[in-house]
Amino acid sequence: MKQDYAIILMPHVIKMMVALPEGEDGMSSRKTARIWNYLTLNATLYCMLVPAIVLVFIFNYVPMYGLIIAFQDYQPTSGFWGSRFVGLDWFKLMVAMPDFKQILWNTVVIALLKIVIGTIVAIVFSLLLHEIRSKIFKRSVQTLTYLPYFLSWVIIGGIFINILSTNGGLINNVLQQLGFDPIFFLGSNTWFRPTVIFTDIWKNFGWNSILYLAALAGINEELYETAVIDGANRWKQTVYVTLPGISSTIILLACLSLGGILSAGFEQILVLYNPAVYQTGDILDTFLYRMGLVDGQFSLGAALGLMQAIVGFLLILLSYKLAERYANYRIF
Amino acid sequence: MVKGDSTGYRIFIFFNHGFLGILALTTILPLFHILALSLSDNAAVVANAVGLIPKGFNTVAYEYVLRDNKFIGSMLISIKRVAIGTAVNLFLIVVTAYPLAQNENKLRGRNAIVWYFIFPTLFSGGLIPTYLLIRDVGLMDNFFALIVPGAVPIFSVILMMNYIRGLPKEIFEASYMDGAGHLTTLAKICLPLSLPSLATLGLFAMVGHWNAWFDATIYLNDIAQWPLQSLMRSLIAQSQDIEKIMQEGDMMKALKLSNKSLQASQLMLSTVPILLVYPFLQKYFVKGITLGSVKS
């Protein structure tokens, strides 16, 4: 704290001591004095950045270096520096693992279905909500549908484990009363994936619709009036005015979600899954967690993580380029 | 809005209201069911006779849970985490976003520093290296393992940075003209103007910290140190273990409780803080979501 005051006072002290001639922009004509002046004036700013720079370096950049253990036979006792170098052995092992292809497939399928179906649901929902005229009704619906987004998967998972249970869960009770057999939603390989996808969309569709609703509100009223004059009914208006109006938003969000294809929902699946559904439900992240952390195979876990990070990075770059090209959206 | 007068459209409007109404209810009904379970008599719960309304209304489950030291203890840890974590987050957000809001010509190296912060959002070391780092740094079994690694919320910093850049430049310039240094300008000019953004980012930090559970499970070995969501997670995982249910079942029966209604009340109590903050979240988050995306 004291140093900050010193830094603030320094320029004034120096000015008094040195009595430099000042130019119109407040800086002296001598170059070194200018740089000194600049540095001291801005020293505060640079100092303000120091905590964040240090923290990000330690907790974000150092682990990137830590990925080096993917190329080592990491032993906890030897640390990053002492472990033996093994090159691409772990990667070869990874690809040769019998479950690897299945896990990769699970990840991509679940992620893609979540993205595609989720986007459609969010768009349809926002289109329908846009047609509501009563502000109170609209706000009520929004209030209710946004809530699950803010609850953690522990809570939502706990709720669904309860109501989807075959031992007295609400849903299966209803099914049985209607004459159907109980369904092992979270215990069978046929039902696990649909359940995961459905519950994820249920949790997030309200939140995901926010941007679409904003885009819908931004469509020019005159376009609708012109369409009415041309004899278009509400449906035709939707097809020829509304959808084109939000098409850039749709494309943008679709492109941006591309980067998330290898992240199929770690916390959700960790909460909901069990060994019986590993075959269809085990994804890269859960597999990495079990193998890398629980079983202590640090190097193999790091190799998986590295592969995931590189592919993810390339996908994100690709998605930004696509967004730039097709939606005219510059991120940077 | 332009209205078509056709009967077809009128029918659509009618069903639209109905459909959306039902949809909105489905997002809240599961919560109501859990609430009903938590307030129902054990016999009804075990007989699966409870729908959306409590049967045999009693608060025994809540009384039991609130007297459970483990549960209360974890709740206190969560509150501690939310308080300290959010304060640290907000401090770092402000202190980092303000300098970065300057332009490159005013602050040399600013662009490079912004890239320095953005890169980790594109590429990360992943679970294993981070875990090993936390271990090597000595934060294992330490409460601050929940705070320090996530202390700089980079997306929030960027949102805040863009927000400050969107403030009218004249105000800042006037302040510098008057001889105010950066710290004074930040405190007297920038912060008061940034309150909406701070409120939004603060609320997000709070919700994030309250809901975070995974990091505690891997960095803290003693369950007594776990925040509430992590404890909930282990309780739910346990309840899926049949033997546990058998063992606890005898004890519970004596207290007229079933594992199900106990868990239901635990779930409800874990949700209460979010529900309390929810009206404020509603007020701020829609603005917050569009805050960063309007800037290009």
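Refer to the structure presented above.
Residues numbered from 1 in each chain as written. Chains lettered and ligands numbered in written order. Predicted model: local features only at pLDDT ≥ 70, side-chain atom pairs only at ≥ 80, totals over all residues. Heavy atoms only, no water.

**Student:** How do you make sense of the overall build of chain A when you look at a structure like this?
**Tutor:** Secondary structure assignment for chain A yields 15 helices and two strands. Residue burial in chain A is summarised as follows: out of 332 residues, 49% are buried. Put simply, 62% of the contacts in chain A that link residues at least 6 apart link residues at least 24 apart. In the structure as shown, chain A presents an accessible area of about 16800 Å², 66% of it carried by carbon and sulfur atoms. (Helix = DSSP H or I, 4+ residues; strand = E, 2+ residues; numbered from the N terminus. Buried < 20%, exposed > 50% of the residue type's maximum accessible area, 1.4 Å probe, protein only. Contact = heavy atoms within 4.5 Å. Areas by Shrake-Rupley, 256 points an atom, 1.4 Å probe, with all protein chains shown as cover.)

**Student:** Hey, could you run me through the overall build of chain B in this one?
**Tutor:** In terms of regular secondary structure, chain B is built from 14 helices and zero strands. Along chain B, helices (α) and strands (β) appear in the sequence α-α-α-α-α-α-α-α-α-α-α-α-α-α when read from the amino end. By the burial criterion, 48% of the 296 residues in chain B qualify as buried. When contacts within chain B are restricted to residue pairs at least 6 apart in sequence, those whose partners lie at least 24 apart make up 72%.

**Student:** I'm lost on helix H4 (residues 69-100) of chain B in this one. Help?
**Tutor:** Spacing of three or four residues puts side chains on the same side of an α-helix, whose turn is 3.6 residues. Its 32 residues place the ends of H4 of chain B 46 Å apart at the C-alpha level, agreeing with the 46 Å of an ideal helix rising 1.5 Å per residue. Backbone nitrogen of Lys70 of chain B and a side-chain oxygen of the N-cap are separated by 3.1 Å at the start of H4 of chain B; the cap is Asp68 of chain B. (Expected span 1.5 Å × (residues − 1). Polar contact = N/O pair within 3.5 Å; in protein donor to acceptor, adjacent residues only side chain to side chain.)

**Student:** What exactly am I supposed to notice about the packing of aromatic side chains here?
**Tutor:** For any two aromatic rings, the description comes down to two numbers: the centre-to-centre distance and the angle of the planes. Inspection of every chain in the model, using the stated rule, returns 27 aromatic pairs over all chains. Centre to centre, the rings of Phe125 of chain A and Phe205 of chain A are 4.9 Å apart; their planes meet at 90 degrees, and the pair counts as edge-to-face. One end of the pair, Phe125 of chain A, is in helix H5 (residues 100-130); the other, Phe205 of chain A, is in helix H9 (residues 192-217), with 80 residues separating them in the sequence. For Phe125 of chain A, a relative accessible area of 3% translates into the label buried. On the basis of an interplanar angle of 70 degrees and a centroid distance of 5.6 Å, the ring pair of Phe185 of chain A and Trp191 of chain A is categorised as edge-to-face. Overall, Phe185 of chain A belongs to the buried group, its relative accessible area being 11%. In this structure an aromatic cluster arises from ring pairing among Tyr61 and Phe313 of chain A together with Tyr116, Phe117, Phe119 and Phe123 of chain B. Of note, Arg290 of chain A hangs over the ring of Tyr278 of chain A, and the distance from its end group to the ring centre comes to 3.9 Å. When the ring centre of Phe143 of chain B is taken as origin, the NZ or CZ atom of Lys80 of chain B, which lies over that ring, is 4.3 Å away. (Phe/Tyr/Trp six-rings, centres within 6.5 Å; stacked < 30°, edge-to-face > 60°. Lys NZ or Arg CZ within 6 Å of the ring centre and 35° of its normal.)

**Student:** Explain the packing of H5 of chain A against H9 of chain A to me, please; I cannot follow it from the model alone.
**Tutor:** Residues and elements named next belong to chain A. In the contact formed by H5 and H9, the axes pass within 6 Å of each other and the chain directions differ by 45 degrees. The angle between H5 and H9 places the two elements in the oblique class. When you trace H5 past H9, the crossing you get is right-handed. (Axes fitted to C-alpha atoms, helices over the stretch in contact; angles between N-to-C directions. Parallel < 35°, antiparallel > 145°, perpendicular 65-115°, else oblique. Left-handed = near helix turned anticlockwise from the far one by under 90°.)

**Student:** Help me understand the interface of chain A and chain B, please; the structure alone is not making it clear to me.
**Tutor:** For an interface, size is often stated in terms of accessible area lost upon the parts coming together. Taken together, the contacts link 91 residues of chain A with 91 residues of chain B. Taken together, the two surfaces of chain A and chain B that pack against each other cover about 8600 Å², and 76% of this comes from carbon and sulfur. When residues of chain A are sorted by the area they lose upon contact with chain B, Met48, Phe59 and Phe150 of chain A head the list and together hold 9% of the total. Joining chain A to chain B, the criterion identifies zero salt bridges. (Buried area = accessible area lost by both parts, 1.4 Å probe. Salt bridge = Lys/Arg side-chain N within 4 Å of Asp/Glu carboxyl O.)

**Student:** Explain the pattern of salt bridges here, please?
**Tutor:** Between side chains of opposite charge, a pair can form as their charged atoms come close. All names here are of chain A. Inspection of the entire model under this criterion finds seven salt bridges over all chains. A salt bridge links Arg290 to Asp282, with the nearest nitrogen and oxygen atoms 2.8 Å apart. In terms of burial, Arg290 and Asp282 fall into one category: buried.

**Student:** Honestly, the packing of helix H15 (residues 298-327) of chain A against helix H5 (residues 110-122) of chain B in this entry has me stumped. Any pointers?
**Tutor:** The description of two helices packed together rests on the angle between their axes and the distance between the axes. Where H15 of chain A contacts H5 of chain B, the axes come no closer than 9 Å and their chain directions differ by 115 degrees. Between H15 of chain A and H5 of chain B, the crossing angle belongs to the class labelled roughly perpendicular. Residue-level inspection shows Phe313, Ile316 and Tyr320 of chain A of H15 of chain A in contact with H5 of chain B, the latter providing Phe119, Thr121 and Leu122 of chain B. Its residues assigned to classes, the contact of H15 of chain A with H5 of chain B shows five nonpolar, one polar and no charged. (Nonpolar A, V, L, I, M, F, W, Y, C, P; charged D, E, K, R; others polar.)

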